[in-house]
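# Results of the structural survey
Read off the chains here:
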Amino acid sequence: MTAGAANGERQALSGRDFISTADWSVGEIGVALDVAHELKRAFASGAPHRLLVDKTLFMIFLDLSTRTRNAFEAGMTQLGGHAHFVDANTSQIAHGESSHDMGIILSSYGHGIAIRHDKVPGEGNSYIRAVAASASAPVINLQCDEDHPTQQMADLMTIEEVFGTRDLSGMKVCVSWAYAPSYAKPMSVPQGLALLLPRFGAEVVIARPPEYSLMAHVMERARKLAGQGGGRITEVDDMDEGFKGAEVVYPKSWGAEPLFSREEEALALNARYKDWICDERRMSLAGSDALYMHCLPADRGFEVTDEVIDGAHSVVFRQAANRLHTGKALMALTMGGFAAPGAAADG
Ligand code: CP
């Protein structure tokens, strides 16, 4: 491909929303990954890459964050712009200001809107899409009830770096439920992995206790996309079975969909499955070079032992680091960092 064609593909993503990886073609996701690799090299070498000078991203958080907030804030600084943190609890969102008005108003102040709204099944994705419908600036999903697409971009980038290929044909990836006593965690990460990895050929096995089924309409979309991409999604109710022969294991906790508003019951149900932990015995069931992945934060000693998460198979800190590079790529592409001079992102 010529440099001109590559730049044309980048320019074409200016103004696009990034609410689910499923909304972007495999080719467009590839463009974003290519940019992420370039920006990672630039960051490492200290080469300037101020693609978003004087631009502002508004980041609305309706939940806590370490990696996502800091990766996007630092990333915007490195791109020459500013990421403005909007705490939902100290803005008029807490008084019920509408998604429609938020989209219009924040678009009039800056160049992009990013939102985390992940705690209530049925709400976050609808809210983000409602903001996007009114916004003239592009909208990025920083995690909703259905998907965590900026995390999954970092996950795919990490797999690509380790295996040296973006073609995941025939690769068994076990996305397993794991026990956690802390809180009912969103279903967005396992769903986001199911939405993305089979489009690159992966054989995703979801291992989970019977009560922890994922959202039916999301999994229906994931299965349809898997069929188009050459991958596959299967489900088992046995963690050992899921791990057997896997080249990648991604065990993490998530809540049972009907219990998100009933925390005590949710945690009591979790506690019935305390033996769903990723330990060295389970890692030995996977391939000898299998990767251990987790989006973090992990409940150490519950979801995973220290030996595994700090061990030779673990790539969790590389995943976390890649949140910066993939986040910067998505901001630069959608917010006009590659746009032709004089062109404006138009959402
Ligand atoms: N993985 C992830 O999204 O981390 P934070 O919740 O800390 O942003």
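Just so we're clear, the structure is a prediction, and the values are computed from it rather than from any experiment.

### Focus on the overall build of the protein
Counting secondary structure elements, the protein contains 13 helices and 9 strands. Seen through its principal axes, the protein has C-alpha atoms that stretch 55 × 50 × 35 Å. Across the 347 residues that make up the protein, the buried fraction comes to 56%. When the accessible surface of the protein is totalled, it reaches about 13600 Å², and 51% of it is carbon and sulfur. Across the protein, the mean location of the 31 positive side-chain charges is 2 Å away from that of the 44 negative side-chain charges.

### Here we look at the sheet that holds strand 2 (residues 82-87)
Pairing is parallel in the open sheet, where 4 strands are placed in the order 2-1-3-4. The open sheet has two free edges, formed respectively by strand 2 and strand 4 (139-144), since each of these has just one partner strand. Strand-to-strand twist of the sheet, defined as the mean angle between neighbouring strand axes without regard to direction, takes the value 15 degrees. In the sheet, strand 3 (residues 112-117) pairs with strand 4 via 4 bridges, with the strands oriented parallel. Each residue of the ladder has a partner; that of alanine 114, found in strand 4, is isoleucine 140.

### Side note on the environment of glutamate 303
In this structure, glutamate 303 sits in the loop between strand 9 (291-292) and helix 12 (306-309). Residues glutamate 303 and tryptophan 177 lie 126 residues apart in sequence; the distance between their C-alpha atoms is 8.6 Å.

### Description of the site of the ligand
Around the ligand, the structure places Ser65, Thr66, Arg67, Thr68, Arg116, His148, Gln151, Cys295, Leu296 and Arg323. The side chain of serine 65 places a nitrogen or oxygen atom 2.6 Å from an oxygen atom of the ligand. In the environment of the ligand, a nitrogen atom lies 2.9 Å from a nitrogen or oxygen atom belonging to the backbone of cysteine 295. Each residue belonging to the shell around the ligand can be placed in one class, and the counts come to 2 nonpolar, 5 polar and 3 charged. Both domain 1 (3-147 + 322-334) and domain 2 (150-320) contribute no fewer than three residues apiece to the shell around the ligand.

### Here's the deal with unusual backbone geometry
The omega torsion across leucine 296 and proline 297 is 5 degrees, close enough to zero to call that bond cis. Tracing the backbone through its elements, the reader meets proline 297 in the loop between strand 9 and helix 12. Phi is positive for aspartate 54, which is not a glycine, with a value near 65 degrees. In this structure, leucine 296 is a non-glycine residue whose phi angle is positive, near 65 degrees. Mapped onto the secondary structure, leucine 296 falls in the loop between strand 9 and helix 12.

About the cut-offs
- Residues numbered from 1 in each chain as written.
- Predicted model: local features only at pLDDT ≥ 70, side-chain atom pairs only at ≥ 80, totals over all residues.
- Heavy atoms only, no water.
- Helix = DSSP H or I, 4+ residues; strand = E, 2+ residues; numbered from the N terminus.
- Buried < 20%, exposed > 50% of the residue type's maximum accessible area, 1.4 Å probe, protein only.
- Areas by Shrake-Rupley, 256 points an atom, 1.4 Å probe, with all protein chains shown as cover.
- Lys, Arg positive; Asp, Glu negative; His and termini not counted.
- Charge placed at Lys NZ, Arg CZ, Asp CG, Glu CD.
- Pairing = 2+ DSSP bridges.
- Axes fitted to C-alpha atoms, helices over the stretch in contact; angles between N-to-C directions.
- Near = heavy atom within 4 Å.
- Polar contact = N/O pair within 3.5 Å; in protein donor to acceptor, adjacent residues only side chain to side chain.
- Nonpolar A, V, L, I, M, F, W, Y, C, P; charged D, E, K, R; others polar.
- Domains from an automatic or database assignment.

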